[in-house]
Amino acid sequence: MAGFGPLQRLLDDPRVEEVWINAPDRVFCARDGVSELTSIVLDARQVRDLVERMLRVSGRRLDLSSPFVDAMLPDGSRLHVVIPDVTREHWSVNIRRFVVRARSIRELAALGAITVEAAAFLEAAVVSGLNIIVAGSTQAGKTTVLNALLGCVPAHERIVACEEVFEVRLDHSDSVSLQTRDAGVEGRGAITLRRLVREALRMRPTRLVVGEVRGEESLDLLVAMNSGLPAMATIHANSAREAVTKLCTLPLLAGPNIAAAFVVPTVAASVDVVVHLALGADGRRSVREIAAVTGRVEAGVIALSSLYADAGNGLQRADGYPPHAERFARNGFDLPTLLERR
């Protein structure tokens, strides 16, 4: 990325993960995961010029009729802008960069975000075709872990990814990335994430990816998982348990004819593993829990089995056991050996 004036030095700093503007004289950045107020002072005209320059290559628009915009910059960073009168006075600008570029879950282990043992299990789970949900709060590193897991997908598979804004990095030769589209000035032409998931199923995928599940598209994702198509997705949640609970709620947004009596057992039968991440006070991101979905529903609650958990002394092997042992065996993994405490 080049040519973004006073912000350029922040965007060139490999330790800076995000830059945001609350007002022309209040420019912040997150450096190594810790927020700080910078010494940069802009004026309103500079902020507008910077945003216009960034949007020029994205093909997305920002005006009073569409006061929000999500766009991808040439280097893969994600731009989000909100303008008055949705904001009180000033333009709000966020530029989220992708600093960590781990290509596999083992590379994340080398960075200290997950233990080697847990990484080996997740790699085996991906190769064996388990359905995996990556959960965490904003900035916890969900997309980074999703990208690392996708690096474990066998080379012969065909991956189709559906996203609101392109963030998933696919290095596979046989892969397609799809992105949503806002309505045009005439109010037509919008393409929703749910529409993308439906279209993706017609594209002969052997692995489906949804960048972030947050609405009715969750129903189509669950149906795809339940039909035998391995899939991965991220979701905002504060624990593995909350992620599963949210997955039982979001499909209800698809329409009044969708009942919890259908959704809950579908989630229990479809989702196999939930990986929960957290951002520490020191700015470090790490995997805090890996839980298996057992497939059992007790009094309307899906039973989980903890595989790895961090109780304050790092990620440790728990007592749980994942589903589909036969899939691991079919792909050459000895599950008891893989899960044994070291």
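The preceding data block contains the structure.
1. Let's talk about the packing of aromatic side chains
This model, assessed by the stated rule, comprises three aromatic pairs. Three or more aromatic residues link up through ring pairs in this structure, and these residues are F121, Y308 and F328.

2. Digging into unusual backbone geometry
Both trends apply: most residues other than glycine have a negative phi, and most peptide bonds are in trans. Backbone torsion omega between P84 and D85 reads 10 degrees, so that peptide bond is classified as cis. Within the secondary structure, D85 is located in the loop between β5 (78–82) and β6 (92–96). Notably, R204 is not glycine yet its phi reads approximately 55 degrees, a positive angle. Counting through the fold element by element, R204 comes out in the loop between α6 (193–200) and β10 (207–210). We note that H324 has phi near 60 degrees; this positive angle belongs to a residue other than glycine. Turning to its location among the elements, H324 is positioned in the loop between β15 (315–317) and α10 (325–330).

3. Some thoughts on the nonpolar core
Among the nonpolar cores identified, the biggest contains 44 residues, and I105, I114, F121 and I290 are the most heavily contacted of them. Tallying contributions element by element places helix α4 (residues 116–127) first for this core, with eight residues. The residues touching I290, leaving out its near neighbours within four places in the chain, are I114, A118, F121, L122, V273, V274, V275, S306, L307 and Y308. One finds I133, V160, V197 and V271 within the second-largest nonpolar core, a separate group that totals 39 residues.

4. Examining the packing of helix α7 (residues 217–226) against helix α9 (residues 260–270)
Orientation of α7 relative to α9, taken along the N-to-C sense of each, is 50 degrees, at an axis distance of 9 Å. Classified by the interaxial angle, the pair formed by α7 and α9 is oblique. Remark: the crossing between α7 and α9 carries left-handed chirality. Side by side, α7 and α9 meet where L219, L222, M225 and N226 of the first sit next to F262, V263, T266, V267, A269 and S270 of the second. Classifying every residue of the contact of α7 with α9 gives seven nonpolar, three polar and no charged.

5. Focus on the sheet that holds β6
Taken together, six strands build an open sheet; the order of strands is β3-β2-β1-β6-β5-β4 and the sheet is antiparallel. Lying at the two open borders of the sheet, with one neighbouring strand each, are β3 (34–37) and β4 (68–72). Between one strand and the next, the sheet's axes are offset by a mean angle of 15 degrees, whatever the strand orientation. Summarising the sheet, β4 and β5 pair through five bridges and their orientation is antiparallel. The residue bridging V69 from the neighbouring strand is V81, located in β5.

Parameters at a glance
Residues numbered from 1 in each chain as written. Predicted model: local features only at pLDDT ≥ 70, side-chain atom pairs only at ≥ 80, totals over all residues. Heavy atoms only, no water. Phe/Tyr/Trp six-rings, centres within 6.5 Å; stacked < 30°, edge-to-face > 60°. Helix = DSSP H or I, 4+ residues; strand = E, 2+ residues; numbered from the N terminus. Core = buried A, V, L, I, M, F, W, Y, C linked by side-chain atoms within 4.5 Å. Buried < 20%, exposed > 50% of the residue type's maximum accessible area, 1.4 Å probe, protein only. Contact = heavy atoms within 4.5 Å. Axes fitted to C-alpha atoms, helices over the stretch in contact; angles between N-to-C directions. Parallel < 35°, antiparallel > 145°, perpendicular 65-115°, else oblique. Left-handed = near helix turned anticlockwise from the far one by under 90°. Nonpolar A, V, L, I, M, F, W, Y, C, P; charged D, E, K, R; others polar. Pairing = 2+ DSSP bridges.

This is a description of form; function is not addressed.
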